[in-house]
Amino acid sequence: MPFFRHTFPFIALFLVTFSTLTLAETNNQAIEKTQLQCIIPTFTPMVINAPKVIDDSIFISSKYSSIEKDQVANFSGDVTLVDKNQTIKADQLTFDRLLMKFNAQGNIHYQNQSIDIHASDLNANKNDQESVMLNAAYQLYGNPGHGSAGELQISSSDGLSLLTSTFTTCAGDEPDWQIKASEIKISADGSVGEAYHAQIRLFDVPVLYLPYFTFPVSKQRKSGFLYPKIGSSTNSGLEIEAPFYWNIAPTMDATITPHYMSKRGTQLKTEFRYLSGLQNGSLDLEYLYKDNEIKSNHDARYLARFQHIGTFSDNFRAYIDYTTISDDNYLVDIGSTQYNSNDAYLYQIGELSYFGEQWQTTMKLQDFEVLGNHQASYKTLPHIEVSAQQPFNLLSSESLAGQLELYSELTSFQAETKQQVSANRYHVEAGLSFPVSAPAWFINSEFKLMHTFYQQDNIQIDDSLSKTVNRTLPKIRFHGGINFDRNMTLFGSSFTQTIEPQIQYLYIPEKDQTAIGLYDTTTLQDDFNGLFRDKSYSGLDRIAGANQYTWGVTSRILDQSNLEVFRLSLGRIQYLATNNTFDEIIDNTNNLNKNNQKSSVAANLFYRLNHQWQISSDIQYNTIESFTNKSQVALNYQIDKYNSIQLNHRYTRNVSDTSLEQVSMLANFAVNKDWAFVGRITQDLKDKRSLESYAGLQYESCCWAVRIAYHRHINSNLADDDFYNENRDEFNSGFELKFIIKGLNGKQGTIGTQEMFNSSIFGYKRPYYLQN
């Protein structure tokens, strides 16, 4: 995987960080890109019927010619000079065949494989492969870069030198921005530009002077400064970042960023990336020596993250994701590109896997750095799992094909505190499965035996846990379904409607498991897809008894291209015995009453009215006690490819013993072809307060873009220590601005409004089918 990063002139720019996939990003995106990209001029050959020169000879044609002393030739009247590297047209040309020098005057047009130039005078030396032109206007080949120069020098070894010159990637004679310098040099391979005593001019107004800087002209990576970033926030005050990119090697690079915060001090952020064969990874380090906002504590604040992924040989895979952080409120106070400010835990995982043809094994070391108040968690040092599958044919009949399945794991749970119980767990699960399917129906059968052994240590005197526990449980599962479809006509259009009922029976005998601690187990979601799982808990510390059947039905309407227009799914679990008990330590009675014989009804709905309107919804409703456990609704309206609105409503009956109800609206509008607006608001309906608000306005032309935005969102408080809560406001807010010069790297891709959506603390889900 190659790296892509380009450096740009050190311009005092402002940053906005807010983004999301815009609703208008559809198959018409190519049209939008065309509108927001400057057209790169192509060279029209100056001479159509000139002979092709492949050696060191020179072809010259003109209306008039004369020779002096058999050495100097004078040409005038529509003069054309062609050699293997260049073509020159002029009113007059003088050529010295002994010195291999020529001079041209009047309406000069020069062209080679990398540049097209118009000038008033030209002097060239063919032996030295050098040319000098006066009063020149130039256009780079395959690149939007163009400008003018009082003197232009071309050398095969030194490249292009422009004296008293300008450079821009904007089209037209009056560009929105340009670099005006005493000298601009472009390397011989066309990859790097250098500017001396340069002015950065916006609308012909100088805004910045730089004695020297470099910039990429092609797509090649180059060491140098990236766009500086300036912003402000309530948490950190004025913020300035000056990233420096270091192209260490073709497979290795780093970005070093001093980050000044007027309230907190100067932070150093470093990102190192590497690539070696099928291995790649990164090391990120953020370090603030002392936080000036915290007066009672002078400890450094930091975040470090190492990530690696790779395969070696044909069967092995390695994966590492390890993060450590100085304190729980670091992400809230300072922020990071590695995690969101409302993330509750950080990854600490190392994994090595082997994938064979019929068996797989994984060894994992895992921990989570949990932020804020939480129950003490466990490390798994190690967790080893092995799974194997062996197909077979029962009674030598291919119609009764089955599979022998084996799954086994060994886990050592290491306690975080001395008061916790630690444990070793060994689990093995073996059995037979018989999957049978046809185009219109399926039925899967499973017969398995599960055995788990626990060895638990550091048990407190008044604890009900046992030092050793053996648990053996059988599992029987039948899951089948059938698909019906019919053709139908609605509103004069042809559709296909399907009805897809399915049913599952699950039996696991009830067993008292209170002698086992809880190490990696919690309840699973009871949405429609979760109804047909064979377990109610993650992990293995609790295996819920079950004597139950689950029914569900889905109906879809498909258009003539088999695109889903409508989908409604409905289902629930019916308990056949009164002893379907669930662990009260994990489950709360709001979600399930163990005396009920039915689970909540789970349903989901999807309806795409047309390419503009779409609604999706999920709900879990308790019909016994008449309340909603969870629900969410999203309504999307895409007016056209530049204008859209999304409305969301979320409700959860119980989150940490309290209910949650939120509504949000997200909109983007094109003011005209250059200006766009993005707005978002999220409201807490239970506490009647705003959680997040955002308004951003962006101007984008084909060669530059500017974005200004205001963002306000609620601050989390994850640390109990008083000194980490000093000077903390309830909300963080600030204005931010970002300015981008496009095309200095030879590319003029559309900036779009994607960034303005994605930086929301709640994220954004793009509707899948919306097009225009």
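These remarks concern the structure in this document.

Considering the packing of aromatic side chains
Aromatic ring pairs: the centre-centre distance and the angle between the two ring planes describe each pair. In this structure the tally under the stated criterion is 24 aromatic pairs. Ring centres 5.6 Å apart and planes at 80° place the aromatic pair Phe 447 and Phe 478 in the edge-to-face group. In this pair, Phe 447 sits in strand E27 (residues 441-457) while Phe 478 sits in strand E28 (residues 468-482), placing the two residues 31 residues apart along the sequence. Taking the relative accessible area as the measure of exposure, Phe 447 reaches 36% and is therefore partly exposed. Assessed through its relative accessible area of 33%, Phe 478 is described here as partly exposed. Taken together, a centroid distance of 5.1 Å and an interplanar angle of 55° make the contact between Trp 675 and Tyr 699 tilted. You can see Trp 675 sitting in strand E38 (residues 675-684) and its partner Tyr 699 sitting in strand E39 (residues 689-700), a full 24 residues away along the chain. The partly exposed category is assigned to Trp 675, whose relative accessible area is 32%. According to the relative accessible area criterion, Tyr 699 is buried, its value standing at 14%. Through a chain of ring-to-ring contacts, three or more aromatic side chains come together here, namely Phe 203, Trp 675, Tyr 699 and Trp 704. Looking at Arg 653, its charged tip hangs above the ring of Phe 627, at a distance of 3.8 Å from the centre.

Overview of the environment of Ile 624
Inspection of the secondary structure puts Ile 624 in the loop between strand E34 (613-622) and strand E35 (627-640). Under the relative-accessibility criterion, Ile 624 is labelled partly exposed at 43%. It is 8.7 Å that separates the C-alpha atoms of Ile 624 and Ser 599, two residues lying 25 residues apart in sequence.

Topic: the pairing of strand E11 (residues 192-202)
Two strands pair when backbone bridges link them, and strand E10 (residues 177-186) and E11 are joined in this way by nine bridges, in the antiparallel orientation. Among the inter-strand pairings, Glu 183 is bridged to a residue of E11, identified as Tyr 196. In this structure, the hairpin formed by E11 and strand E12 (residues 205-216) is closed by a connection of two residues, where Phe 203 is found at a positive phi of approximately 50°.

A closer look at unusual backbone geometry
The omega torsion across Leu 381 and Pro 382 is 0°, close enough to zero to call that bond cis. Along the polypeptide, Pro 382 turns up in strand E24 (residues 378-393). Phi at Gln 129 takes a positive value of approximately 55°, unusual for a residue other than glycine. With a phi angle near 55°, Lys 688 is a residue other than glycine that sits in the positive phi range. When you line up the elements, Lys 688 lands in the loop between E38 and E39.

Definitions and limits used
- Residues numbered from 1 in each chain as written.
- Predicted model: local features only at pLDDT ≥ 70, side-chain atom pairs only at ≥ 80, totals over all residues.
- Heavy atoms only, no water.
- Phe/Tyr/Trp six-rings, centres within 6.5 Å; stacked < 30°, edge-to-face > 60°.
- Helix = DSSP H or I, 4+ residues; strand = E, 2+ residues; numbered from the N terminus.
- Buried < 20%, exposed > 50% of the residue type's maximum accessible area, 1.4 Å probe, protein only.
- Lys NZ or Arg CZ within 6 Å of the ring centre and 35° of its normal.
- Pairing = 2+ DSSP bridges.

Note that all results are geometric; they support no functional claim without further evidence.
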